[in-house]
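Now for the letters of each chain:
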Amino acid sequence: MPHRRESYFHLHLVSDATGETLMTVGRAAAVQYSTVSAIEHVYPLVRSQKQLDRVLSEIESSPGIVLYTLVDQELTDRLNAKCKEFGCPSLSVLAPILSMFQNYLGAASTPRVGAQHVLNAEYFQRIDALNYTMMHDDGQLPENWEEADVLLVGVSRTSKTPTSIYLANRGVKAANIPLVPGIPLPEVIWSLKKPLIVGLFASPERIVQIRENRILTLNAPQDRSSYVDRVAVAEEIAQSRRLFGTNNWPIIDVSRRSIEETAAGIITLLKDHRRALDDRSRA
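### Focus: the pattern of salt bridges
Link 1 in the chain: One pass over the structure, following the stated rule, counts twelve salt bridges.
Link 2 in the chain: A salt bridge links Glu122 to Arg126, with the nearest nitrogen and oxygen atoms 3.8 Å apart. With Glu122 and Arg126 both in helix α5 (residues 121-135) and four residues apart, the pair spans about one turn of that helix.
Link 3 in the chain: Put simply, Asp149, Lys194 and Arg274 are held in one network by salt bridges that share partners.

### Re the sheet that holds strand β5 (residues 150-155)
Link 1 in the chain: In spatial order, the strands read β6-β5-β7-β8; together these four strands make up an open sheet with parallel pairing. Two strands lie at the open edges of the sheet, namely β6 (174-179) and β8 (251-253), each paired on one side alone. Recorded for the sheet is a direction-independent mean angle of 25° between the axes of neighbouring strands.
Link 2 in the chain: The pairing of strand β7 (residues 196-201) with β8 spans three bridges and is parallel. Across the sheet, the residue bridging to Gly199 is Ile251, located in β8.
Link 3 in the chain: Its contacts with the sheet place helix α9 (residues 259-282) against β5, β7 and β8, and it is angled at close to 150° to β7.

### Re the packing of helix α7 (residues 204-217) against helix α8 (residues 230-246)
Link 1 in the chain: Following both chains from N to C, one finds α7 and α8 inclined at 120°, their axes separated by 9 Å at the closest point. Here α7 is positioned oblique relative to α8, judged by the angle of their axes. The interaxial crossing formed by α7 with α8 has right-handed handedness. Contact residues: α7 offers Pro204, Glu205, Ile207, Val208 and Arg211, while α8 offers Arg230, Val233, Ala234, Glu236 and Ile237.
Link 2 in the chain: Along the lines of polarity and charge, the residues of the contact of α7 with α8 split into six nonpolar, no polar and four charged.

### Thoughts on the pairing of β5
Remark: a regular strand shows side chains that alternate across the two faces of the sheet.
Link 1 in the chain: Burial runs high along β5: six of the six residues are buried.
Link 2 in the chain: Bridge analysis of β5 against β6 gives six bridges, and the strand direction is parallel. In the strand pairing of β6, Val155 is matched with Leu179.
Link 3 in the chain: Chirality of the crossover, the property in question, places the unit of β5, helix α6 (residues 160-168) and β6 among those that are right-handed.
Link 4 in the chain: As judged from the four bridges shared by β5 and β7, these two strands associate in the parallel manner. Bridging across to β7, Val153 finds its partner in Gly199.

### Looking at unusual backbone geometry
Link 1 in the chain: Phi at Leu45 is positive, roughly 55°, even though this residue is not glycine.
Link 2 in the chain: Relative to the helices and strands, Leu45 resides in the loop between β2 (37-43) and α2 (49-61).
Link 3 in the chain: We note that Ser159 has phi near 65°; this positive angle belongs to a residue other than glycine.
Link 4 in the chain: Assignment of secondary structure puts Ser159 in the loop between β5 and α6.

### Looking at the pairing of β2
Link 1 in the chain: Taken together, the seven bridges between strand β1 (residues 8-15) and β2 define a ladder with parallel strand orientation. When the bridges of β2 are listed, Leu13 appears paired with Val42.
Link 2 in the chain: For the crossover that starts at β1, traverses helix α1 (residues 20-30) and ends in the parallel β2, the hand is right-handed.

### Points about the sheet that holds β1
Link 1 in the chain: Taking strand neighbours across the sheet as the criterion, the four strands line up as β2-β1-β3-β4 in an open arrangement whose pairing is parallel. Each edge of the open sheet is held by one strand with a lone partner, namely β2 and β4 (90-92). This sheet shows a mean twist of 20° between the axes of neighbouring strands, independent of strand direction.
Link 2 in the chain: Where helix α3 (residues 73-86) meets the sheet, it contacts β1, β3 (64-69) and β4, and its direction lies at approximately 175° from that of β3.

### Quick notes on α3
Link 1 in the chain: The end-to-end C-alpha distance of α3, which contains 14 residues, comes to 20 Å, matching closely the 20 Å that a straight helix rising 1.5 Å per residue would cover.
Link 2 in the chain: In this structure, the buried side of α3 is in contact with β1, α2, β3 and β4.
Link 3 in the chain: The N-cap residue of α3 is Asp72: its side-chain oxygen and the backbone nitrogen of Glu74 are 2.9 Å apart.
Link 4 in the chain: A positive backbone phi angle near 75° is found at Gly87, which sits one or two residues after α3.

Cut-offs applied
- Residues numbered from 1 in each chain as written.
- Predicted model: local features only at pLDDT ≥ 70, side-chain atom pairs only at ≥ 80, totals over all residues.
- Heavy atoms only, no water.
- Salt bridge = Lys/Arg side-chain N within 4 Å of Asp/Glu carboxyl O.
- Helix = DSSP H or I, 4+ residues; strand = E, 2+ residues; numbered from the N terminus.
- Pairing = 2+ DSSP bridges.
- Axes fitted to C-alpha atoms, helices over the stretch in contact; angles between N-to-C directions.
- Contact = heavy atoms within 4.5 Å.
- Parallel < 35°, antiparallel > 145°, perpendicular 65-115°, else oblique.
- Left-handed = near helix turned anticlockwise from the far one by under 90°.
- Nonpolar A, V, L, I, M, F, W, Y, C, P; charged D, E, K, R; others polar.
- Buried < 20%, exposed > 50% of the residue type's maximum accessible area, 1.4 Å probe, protein only.
- Right-handed = clockwise from strand over helix to strand, strands pointing away.
- Expected span 1.5 Å × (residues − 1).
- Polar contact = N/O pair within 3.5 Å; in protein donor to acceptor, adjacent residues only side chain to side chain.

As structure tokens, then:
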């Protein structure tokens, strides 16, 4: 296949379910190529020949890489045949993994469309966690904090809310508390026993940058209040770190971390925290 010279390429993601798996895999691969950009075409719930016809028409008009997760063998065979005809590389992203599983387990898979989205206990745990997290954002309902798995504490713009929501999608009940200068934390926080309390902080430069961008987005008046003053912000962060250290709360620097990386670190801390709670209860 000849090498492409354009600064972009078409990435077709064909799924008989929601397409989430494909999008994750496709983006993880595409981001490794900084000189070209992927134009995504996502086709979820492709389960009939008629639905596949529309997909094939799109692929023919915008040739590119085709990734798919299809259970139906007839659909798979036709998609591969047409891609070969169009000169487009195609790949089932699950096929190599399923082959490895089959070789190791000595048993063939039982194909089920959308099996990863079954309404099981784990699914409802995530929904419950998401409901809890949305209700306990930004310091709300402190009387329920003992029910949380994780409590995130930090000054404004340390990604507490998006991190909480990401954790909720992993089944973790997360509440978050903003640290506001001159306003003490609710007294209940000092008596909590179950939740893991994690302090989030970032560099003053990063916080000021995010806050200034937020002011611009909201079209708020441009003043040099303490909210975006470098010295005042540095003092906010220093106070927050003293608070974390005094209470021996684990801390995470989110200055250059993605939400996913921060959440992964918190989940690791949570596992250790739960083990410690179990050991304590057995002692």
